[in-house]
Amino acid sequence: MAIQTNRLAAPVAPSNGAVTAFRPLGLREVRLTDGFWADRLRVNRERSIPHGYAQLQATGTLHNFRLAADLATDGYRALGMMFDGPFPFLDSDVYKWLEATGWELGRTWDDDIGNAADEAIDLVARAQRDDGYLNTFVQVLKGGRTYADLHWGHELYCFGHLIQAAVAWHRALGDDRLLGIATRAASHVDAALGPRGRPGIDGHPGIEMALVELYRVTGEERWLRLASHLLESRGRGLLGQARFGAAYWQDHAPIRSAPSVAGHAVRQLYLDSGAVDVAVELGDEELLEAVCRRWRDMVATRSYLTGGLGSRHRDEAFGDPYELPPDRAYAETCAAIASVMLSWRLLLATGDPEHADVIERTILNGVLAGVGLDGVSFSYENPLQRRTHRVAEEDGTTERSPWFPCACCPPNLMRTFASWPAYLATTASGGVTIHQYASSEIEAPVGSATLRLSMATDYPWSGRVVVTVDEAPDAPVRVAVRVPEWSISAIASGAGEPPHDVTGRRMAEWTRRWQAGDRIELDLGVVPRVTVPDRRIDAVRGCVAAERGPLVYCIEAADMPPGLELEDVRVGSPQPREVERSDIAPGAIGIRLAATASDEVDAIPYFAWANRRPGAMRVWVPTGDAEVPA
Ligand SMILES: [Zn+2]
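Let us look at the structure shown here. (Residues numbered from 1 in each chain as written. Predicted model: local features only at pLDDT ≥ 70, side-chain atom pairs only at ≥ 80, totals over all residues. Heavy atoms only, no water.)

## Things to note about the overall build of the protein chain
Scanning the protein chain for helices and strands turns up 14 helices and 23 strands. Against the compact-globule benchmark of 25 Å for 630 residues, the protein chain has a radius of gyration of 24 Å, which places it among compact chains. Overall, the C-alpha framework of the protein chain stretches about 70 × 65 × 50 Å when taken along its three principal axes. Per-residue burial for the protein chain yields a buried fraction of 64% across its 630 residues. A fraction of 68% describes how many contacts in the protein chain between residues 6 or more apart in sequence connect residues 24 or more apart. (Helix = DSSP H or I, 4+ residues; strand = E, 2+ residues; numbered from the N terminus. Rg over C-alpha atoms; globule rule 2.2 N^0.38 Å. Buried < 20%, exposed > 50% of the residue type's maximum accessible area, 1.4 Å probe, protein only. Contact = heavy atoms within 4.5 Å.)

The structure is reproduced here in structure tokens:
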């Protein structure tokens, strides 16, 4: 196997020939130092990942690999059922957790996590059949009959996560145990369902983007061809209607012509992520534009304020345009993660900061709400409203859960946070672009030299960001910083120039011969603001939401005066004020809103809801009778 020597420790690493605007930086090049994201990643490492391993043990998900490996004989274990049988996709939870451990261990070794991962990798290796096939559900319960249920079996979906775990271990640690397993599994798929196999696609996309990454790691074009083949085979009726219709699994229209996102949100976004990966490797502008078209429509008409996606519970699907009910929002944590994955690929491909804006809104609201502040409690659905009198009823409660029968979301969060520093900054010819703000050290190749920067900020609580040049080539270098779409007052100064207004400019950038100690200073104007919804979203007409910088806020029952129900609150128009909320995070800021039912109510960041006693919550709050902000 021709392993490329450049092991960029990042989940997406386009090959040298790929047509992209930006090149990613990996976890060795971008290191968090302190502050908001460093704290969240520490919780992910110290709490979430060990908790994930304990849950994979306790729920039997790892045990199923022992069964497939003939190391145990008692029954297949699953907390959830589908079509009168156990869930068939649970192997993927082990793979996502392994991916998280790969990124974490690559950053800093830890014996406990490393030993747990070793045990899991050993079980995965033992469970693999001699012919390369590997799926505990099929091997243990279906007599080893492969690809017999492509609609619901999730076999290729599981392989996708296996490949992504293998890529992480290869790139972060240079450990190729999983890569060997994943390559044999991919060969099995290629022989059965590849260009020379029988027609067939998996009901749940995901393997496509993984295969492109396998191509990027190995240099073997076979995997790129297989990814392309599976993508182009979709939308041609191979899966048909089944119970939710062909759009549910994006089999209703080919990927080049489907006009808008449709069906199951996670499936659509994983599919389009793979399409971008193939498009940039093949220089396929038509395919890239098709995804961009769907993405723009999705952001304009089908996205919640939090970046959450999918308003229908029945089939976990996108709704119609502007069908965005806050109380009935499904907004699966995985859909928000998938949106970050797709937007990141589009950012690399196009260089357009609108994709970085969506990543920021989504990661800090729709994604981060998926995990409790303790790191060991999770939410699967992320509605924008919970009613007082529906608490603990119907689908979902206000209480987070340590795990789920379908446990896709928790390990998806773990791998996302473990690789988050790779989303902060990129390189392009002759420079570096900073897309997200976090205290960090950035080391980027520029030509044959190195540019080293350190970023210091209390973001998202403060909009002040200082970037200091620590080392620079003896040549002009471009440093660019995103100006967020929400910023209505952005001031920048670079290397001693006077501060100037960059509001609405999208990017602030400087090209110069930098000296160590030169500074770029930004003030992005992080102040509370009141947001009015698009008038076409019927479900929240007459309401407003509080935001501050990149954060969406909500009011929660735990902050209400005694005797006041959340539904009785109306907010007035006077300017919201800031209040200190160090109970949420060091330096956290809440928003105090003028209200009619009580004099004022306190709003907290949406990501921090459901961390106290169970109770009602809402993002969109009705306004008082007369004064609706324009
Ligand atoms: Zn999920």
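## Focus: the pairing of strand S20 (residues 589-594)
The side chains of a regular strand alternate between both faces of the sheet. Direction of pairing for strand S19 (residues 577-580) relative to S20: antiparallel, over a ladder of four bridges. What sits directly across from Glu580, in S20, is Ile589. Inspection of the sheet shows S20 paired to strand S21 (residues 600-605) by four bridges, in the antiparallel sense. Within S21, the position partnered with Leu593 by the bridge is Val601. (Pairing = 2+ DSSP bridges.)

## Thoughts on the nonpolar core
By size, the foremost hydrophobic cluster in this structure holds 225 residues, and its most contacted members are Trp37 and Leu98. Here this core gets 13 residues from one element, more than from any other, and that element is helix H12 (residues 333-350). Beyond its immediate sequence surroundings of up to four residues, Trp37 is in contact with Leu32, Ile363, Leu364, Leu368, Phe417, Trp420, Tyr437 and Ala438. (Core = buried A, V, L, I, M, F, W, Y, C linked by side-chain atoms within 4.5 Å.)

## Here's the deal with the packing of aromatic side chains
According to the stated counting rule, one finds 22 aromatic pairs in the structure shown. Here the aromatic rings of Tyr380 and Phe404 are separated by 5.6 Å at their centres, their planes lie at 80°, and the arrangement is edge-to-face. With Tyr380 in the loop between helix H13 (353-367) and strand S5 (385-386) and Phe404 in the loop between S5 and helix H14 (409-418), this residue pair connects regions lying 24 residues apart in the sequence. Judged by relative accessible area, Tyr380 falls into the buried class, the value being 14%. Between the aromatic rings of Trp420 and Tyr423, the centroid separation amounts to 5.4 Å while the plane-to-plane angle is 20°, which identifies the pairing as stacked. The same class applies to Trp420 as to Tyr423, namely buried. Three or more aromatic residues link up through ring pairs in this structure, and these residues are Phe36, Trp37, Trp344, Phe417, Trp420, Tyr423, Trp461 and Phe607. Over the aromatic face of Trp514 sits the side chain of Arg512, whose NZ or CZ is 5.5 Å from the ring centroid. (Phe/Tyr/Trp six-rings, centres within 6.5 Å; stacked < 30°, edge-to-face > 60°. Lys NZ or Arg CZ within 6 Å of the ring centre and 35° of its normal.)

## Here we look at the sheet that holds strand S7 (residues 431-434)
One key point about sheets: their strands pair by backbone hydrogen bonds, in either a parallel or an antiparallel sense. Strand order in this open sheet of five strands is S1-S6-S7-S11-S14, and the pairing throughout is mixed. The sheet terminates laterally at strand S1 (23-24) and strand S14 (507-512), the two strands that pair on one side only. Across six bridges, strand S11 (residues 477-482) lies against S14 in antiparallel orientation. When the sheet's bridge partners are listed, Val477 is paired in S14 with Arg512.

## A few points about unusual backbone geometry
The phi torsion of most residues other than glycine is negative, and most of the peptide bonds are trans. Going from Tyr459 to Pro460, the amide bond is cis rather than trans, its omega being 5°. Looking at the element boundaries, Pro460 is found in the loop between strand S9 (449-457) and strand S10 (464-471). Look at Glu316: it is not a glycine, yet its phi comes out positive at around 50°. By the element assignment, Glu316 lies in the loop between helix H11 (285-301) and H12. With a relative accessible area of 19%, Glu316 lands in the buried category. Backbone geometry places Ala495, a non-glycine residue, at a positive phi of 50°. Tracing the backbone through its elements, the reader meets Ala495 in the loop between strand S12 (491-494) and strand S13 (500-501).

## Some remarks on the packing of helix H8 (residues 207-218) against helix H9 (residues 221-232)
Following both chains from N to C, one finds H8 and H9 inclined at 165°, their axes separated by 7 Å at the closest point. Relative to H9, H8 is oriented roughly antiparallel. Along this stretch, H8 crosses H9, giving a crossing that reads as left-handed. For the pair H8 and H9, contact is made by Ile207, Glu208, Leu211, Val212, Leu214, Tyr215 and Thr218 and by Glu221, Trp223, Leu224, Leu226, Ala227, Leu230 and Leu231, respectively. For the contact of H8 with H9, the per-class residue count stands at eleven nonpolar, one polar and two charged. (Axes fitted to C-alpha atoms, helices over the stretch in contact; angles between N-to-C directions. Parallel < 35°, antiparallel > 145°, perpendicular 65-115°, else oblique. Left-handed = near helix turned anticlockwise from the far one by under 90°. Nonpolar A, V, L, I, M, F, W, Y, C, P; charged D, E, K, R; others polar.)

## What to know about the sheet that holds S13
A sheet is described by the order of its strands in space; here seven strands give the open sequence S2-S8-S9-S10-S15-S12-S13, paired in antiparallel fashion. Each of the sheet's edge strands pairs with one partner strand only, and the pair in question is strand S2 (30-32) and S13.

## Focus: the coordination of the zinc ion
Protein-derived ligands of the zinc ion are Glu332 (OE), Cys334 (SG), Cys408 (SG) and Cys409 (SG), with the metal-ligand distances lying across 2.0 to 2.3 Å. In this structure, the zinc ion is surrounded by four donor atoms whose angles at the metal cover 95 to 117°, and the resulting shape is tetrahedral. Sequence spacing of the donor residues for the zinc ion, all on one chain, is E-x1-C-x73-C-C. For Glu332, a relative accessible area of 4% corresponds to the buried category. (Donors = N, O, S within 2.8 Å, 3.2 Å for Na, K, Ca; no water. Tetrahedral: all angles 85-135°; square planar, octahedral: opposite > 155°, others 65-115°.)

## As for the environment of Val483
Inspection of the secondary structure assignment puts Val483 in the loop between S11 and S12. On the basis of relative accessibility, which here comes to 1%, the residue Val483 falls in the buried class. Considering only alpha carbons, one finds Val483 and Ser311, 172 residues apart in sequence, at a separation of 30 Å.

## Details of empty space enclosed by the protein
Under the definition given, this model contains nine cavities of 30 Å³ or more. Reported here for the largest cavity is a volume of approximately 160 Å³. Among the elements of the structure, helix H3 (91-107), helix H6 (155-173), H8, H12 and H14 are those that each provide at least two residues to the lining of the largest cavity. When its residues are assigned to classes, the lining of the largest cavity shows seven nonpolar, three polar and four charged. (1 Å grid on protein atoms, 1.4 Å probe; cavity = no way out; pocket = protein on both sides within 12 Å on 5 of 7 lines; lining within 4 Å. Points joined across faces, edges and corners; volume = space filled by probe spheres on them.)

## Regarding the side chain of Ser260
Here Ser260 lies in the loop between H9 and helix H10 (265-282). Ser260 has contacts with Gln268, Arg294, Asp297 and Arg302, leaving out every residue within four places of it along the chain.

## Focus: helix H1 (residues 36-58)
One full turn of an α-helix is made of 3.6 residues, so residues set three or four places apart face in the same direction. Compared with an ideal rise of 1.5 Å per residue, which puts 23 residues at 33 Å, H1 spans 31 Å between its outermost C-alpha atoms and is within 8% of the ideal. Backbone geometry just downstream of H1 places Gly60 in the positive-phi region, at approximately 90°. (Expected span 1.5 Å × (residues − 1).)

## Concerning the pattern of salt bridges
Taken as a whole and judged by the stated rule, the model has 48 salt bridges. One salt bridge in this structure joins Glu547 and Arg529, with 3.6 Å as the shortest N-O distance. Within this pair, whereas Glu547 is found in strand S17 (residues 543-548), its partner Arg529 is found in strand S16 (residues 528-531), the two being separated by 18 residues in sequence. Accessibility classification places Glu547 together with Arg529 in one group, the buried group. Look at the salt bridges and you will find they share partners, linking Arg171, Glu213, Arg216, Asp277, Glu281 and Arg345 into a network. (Salt bridge = Lys/Arg side-chain N within 4 Å of Asp/Glu carboxyl O.)

What is shown is where atoms sit, not what they do.
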